[in-house]
Amino acid sequence: MHDLRFLRENLDGIAAQLGRRGADVPWEDLRKLIQERRDLTTQVEDLRHQLKKGSEEVGRLKRDKQPAESAMAQMKALGDRIKAIDESLRAVEDRLAGLALRIPNLPHQSVPVGKDETDNTELRRWGNPPTFTAPPQTHWDLGEALGILDFERAARMAGARFAILAGLGARLERALINYMVDLHTDRHGYREVLPPFMVNRAAMTGTGQLPKFEEDLFRLKDDDYFLIPTAEVPLTNLHREEILSDDRLPIRYTAYTPCFRREAGSYGKDTRGLIRQHQFNKVELVVFTRPEESHEELERLTAHAEAVLQGLGLHYRVVALCTGDMGFSAAKTYDLEVWLPSQNTFREISSCSNFESFQARRAEIRYRPSAAKKDSKTDFVHTLNGSGLAVGRTLVAILENYQQADGSVLIPEILRPYLGGIERIEKS
């Protein structure tokens, strides 16, 4: 969310800077509300000035023992007018704040300018794609042949975009979760959290999922709770409405959670396989830091996500998203895209973003600089998050990149201790 004073003073500049990214923001309604607020504020300030002068006159009349009833009646009428305008002003400010919640974050100056994913910038690659003597199989064909993936039974019990993992498929998913969490806690210094998988509307609003993306969320019918689309939501809201001390920063959290998404805008995309499911597992990384250090933290967080792929020996690339392809809340984003042989292309497996103060302003998360006095002004922290990684997509990448000519799949060496030393998945 943007500071409302900054919004009022820079509306045209913000709209121009956002371009296509702010195409669905009702800019004209905002402009009218800003002018209405300005007019009402001027009116109420003028009336309060009149009330002050009139009250002084009433006091003078009483001191001089002169009739004051008429002046008092005028002051009462003036007070009633001020009360009515105050109520109108509050209503306008509420509407203005509601519309302001729909304005995306402004891109950082280092973000490449572009209209969509075709204008993203590739920064680097790691590793090499595997070679095969025959066309590589898709992960769903491999998984079903090995008996570790079952889409048909999942569809009978839950519908499309669900899957059942069984046997070594389920164990591999669990091994990946444990490997990722162990790596981020033991080597990268994150604190593990197991948060609620349901949150309230305020938590969703704080991280930017609401109000814009409500149709993409699963909401409980009888309660105003939402199933989390990512652990970013509960982790960021851990410090909602708090003032953090400077010596605590940076704070780094990691969490494994299931994630739930309606995928309302993805009709017809990735209808087969595990790439785009209504329910999937993910290990998340969230950081709270000082504003001047947040872009350095973005590089560090991205490297931590990359370390997962490097440990698994998976070929990937890092892409800087352009202004037209970034998410709603992000000021700068790097995507990690893993190589999928069956598609002969890279697919997103992690998105690492710096939100600067955008989420902290919505969730009221501040810090007090160490050099400041106790009663001095606080400032908003900067928040960051990244997938470290999306577990289901990592399993997809392992199945496809480690498939063998006989239909089996090798287990990356780093995962074998989590699987009791098992080296490959074979048809049982």
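Above this note sits the structure.
Residues numbered from 1 in each chain as written. Predicted model: local features only at pLDDT ≥ 70, side-chain atom pairs only at ≥ 80, totals over all residues. Heavy atoms only, no water.

Taken in spatial order, the 8 strands make up an open sheet running E1-E10-E11-E12-E15-E9-E8-E4, and their pairing is mixed. Either end of the sheet is taken by a strand with one partner, and the two such strands are strand E1 (121-126) and strand E4 (191-192). Running over the sheet, helix H7 (residues 168-187) touches E4, strand E8 (251-260), strand E9 (279-289) and strand E15 (382-390) and is turned about 5° from E9. Of the strands in this sheet, E1, E8, E9, strand E10 (316-320), strand E11 (332-340), strand E12 (345-356) and E15 are in contact with helix H10 (residues 294-312), which crosses E15 at around 10°. (Pairing = 2+ DSSP bridges. Helix = DSSP H or I, 4+ residues; strand = E, 2+ residues; numbered from the N terminus. Contact = heavy atoms within 4.5 Å. Axes fitted to C-alpha atoms, helices over the stretch in contact; angles between N-to-C directions.)

On to the pairing of E10, then. Counting buried positions along E10 gives 4 out of 5 residues, so the element sits mostly inside the fold. Where E1 and E10 come together, 5 bridges link them in antiparallel fashion. For Glu122, the partnering residue across the bridge sits in E10 and is Val319. By the bridge criterion, 5 bridges tie E10 to E11 in an arrangement that is antiparallel. Along E11, the bridge assignment pairs Arg317 with Glu337. (Buried < 20%, exposed > 50% of the residue type's maximum accessible area, 1.4 Å probe, protein only.)

Summed over the entire model, instances satisfying the criterion amount to 5 aromatic pairs. Centroid distance Trp126 to Tyr316: 5.9 Å. Interplanar angle 20°. Geometry classified as stacked. Pair noted here: Trp126 is in strand E1 and Tyr316 is in strand E10, with a separation of 190 residues, a long-range link. We classify Trp126 as partly exposed; its relative accessible area is 31%. A ring pair is formed by Phe213 and Phe328, whose centres lie 5.8 Å apart and whose planes are at 85°; its orientation type is edge-to-face. With Phe213 in the loop between helix H8 (201-207) and strand E6 (225-227) and Phe328 in the loop between E10 and E11, this residue pair connects regions lying 115 residues apart in the sequence. (Phe/Tyr/Trp six-rings, centres within 6.5 Å; stacked < 30°, edge-to-face > 60°.)

Taken N-terminus to C-terminus, the directions of H7 and helix H12 (residues 391-401) make an angle of 115°; their axes are 10 Å apart at the nearest point. For the element pair H7 and H12, the recorded crossing hand is right-handed. Residue-level inspection shows Gly169, Leu172, Glu173, Leu176, Ile177 and Met180 of H7 in contact with H12, the latter providing Val391, Gly392, Thr394, Leu395 and Ile398. Looking at side-chain class alone, the contact of H7 with H12 contains 7 nonpolar, 3 polar and 1 charged residues. (Left-handed = near helix turned anticlockwise from the far one by under 90°. Nonpolar A, V, L, I, M, F, W, Y, C, P; charged D, E, K, R; others polar.)

Turning to helix H2 (residues 11-18), a few remarks are in order. Taken residue by residue, H2 has Leu11, Ile14 and Leu18 as its buried positions. The buried residues of H2 occupy one face: seen down the axis, they fall within an arc of 65°. Opposite the buried face of H2, at more than 90 degrees from it, the exposed residues are Asp12 and Ala16. In this structure, the buried side of H2 is in contact with helix H1 (4-9) and helix H3 (27-63). Backbone geometry just downstream of H2 places Gly19 in the positive-phi region, at approximately 55°. (Arc of directions from axis to C-beta.)

What follows deals with H10. Taking 1.5 Å of rise per residue, 19 residues should cover 27 Å, and H10 covers 28 Å from first to last C-alpha, within 8% of that figure. The set of residues buried in H10 consists of Ser294, Glu297, Leu298, Leu301, Thr302, His304, Ala305, Glu306, Ala307, Val308, Leu309 and Leu312. Looking one or two residues beyond H10, the residue adopting positive phi is Gly313, at roughly 70°. (Expected span 1.5 Å × (residues − 1).)

This paragraph deals with the pattern of salt bridges. Proximity of charged atoms lets side chains of opposite charge pair with each other. Under the defined criterion, the tally for this structure stands at 30 salt bridges. With a shortest N-O distance of 3.0 Å, Arg60 and Asp64 are connected by a salt bridge. On the basis of relative accessibility, which here comes to 31%, the residue Arg60 falls in the partly exposed class. Using a relative accessible area of 41% as the deciding quantity, one classes Asp64 as partly exposed. The shortest N-O distance in the salt bridge between Glu297 and Arg252 comes to 2.7 Å. In this pair, Glu297 sits in helix H10 while Arg252 sits in strand E8, placing the two residues 45 residues apart along the sequence. Considered together, Glu297 and Arg252 belong to a single accessibility category, that of buried residues. When salt bridges that share partners are traced, they join Glu122, Arg125, Arg317 and Glu337 into one network. (Salt bridge = Lys/Arg side-chain N within 4 Å of Asp/Glu carboxyl O.)

The subject of this paragraph is the packing of H2 against H3. Following both chains from N to C, one finds H2 and H3 inclined at 165°, their axes separated by 11 Å at the closest point. Judged on the interaxial angle alone, H3 and H2 are roughly antiparallel. Handedness of the crossing formed by H2 with H3: right-handed. On the side of H2, the interface is formed by Leu11, Asp12, Ile14, Ala15 and Leu18, while H3 contributes Trp27, Leu30, Arg31 and Ile34. Among the residues forming the contact of H2 with H3, the class breakdown is 7 nonpolar, no polar and 2 charged. (Parallel < 35°, antiparallel > 145°, perpendicular 65-115°, else oblique.)

Take Ser408: it is sitting in the loop between H12 and strand E16 (409-410). Placed 19 residues apart in sequence, Ser408 and Lys427 show a C-alpha to C-alpha distance of 7.1 Å. Filtering out sequence-adjacent residues up to four positions away, Ser408 remains in contact with Leu146, Tyr402, Gln403, Arg424, Ile425 and Glu426. A distance of 2.7 Å separates polar atoms of two side chains, one belonging to Ser408 and the other to Arg424. (Polar contact = N/O pair within 3.5 Å; in protein donor to acceptor, adjacent residues only side chain to side chain.)

Our focus in this paragraph is the nonpolar core. With 51 residues, the main nonpolar core has Leu172, Leu176 and Ile398 as its most contacted residues. Top element by residues in this core is H7. It accounts for 8 residues. Other than its neighbours up to four places away in sequence, Leu172 contacts Leu395, Ile398, Ile411, Leu415, Leu419 and Ile425. Counting residues in each nonpolar core, the second largest holds 29 residues, with Leu33, Ile34, Leu61 and Ala100 among its members. (Core = buried A, V, L, I, M, F, W, Y, C linked by side-chain atoms within 4.5 Å.)

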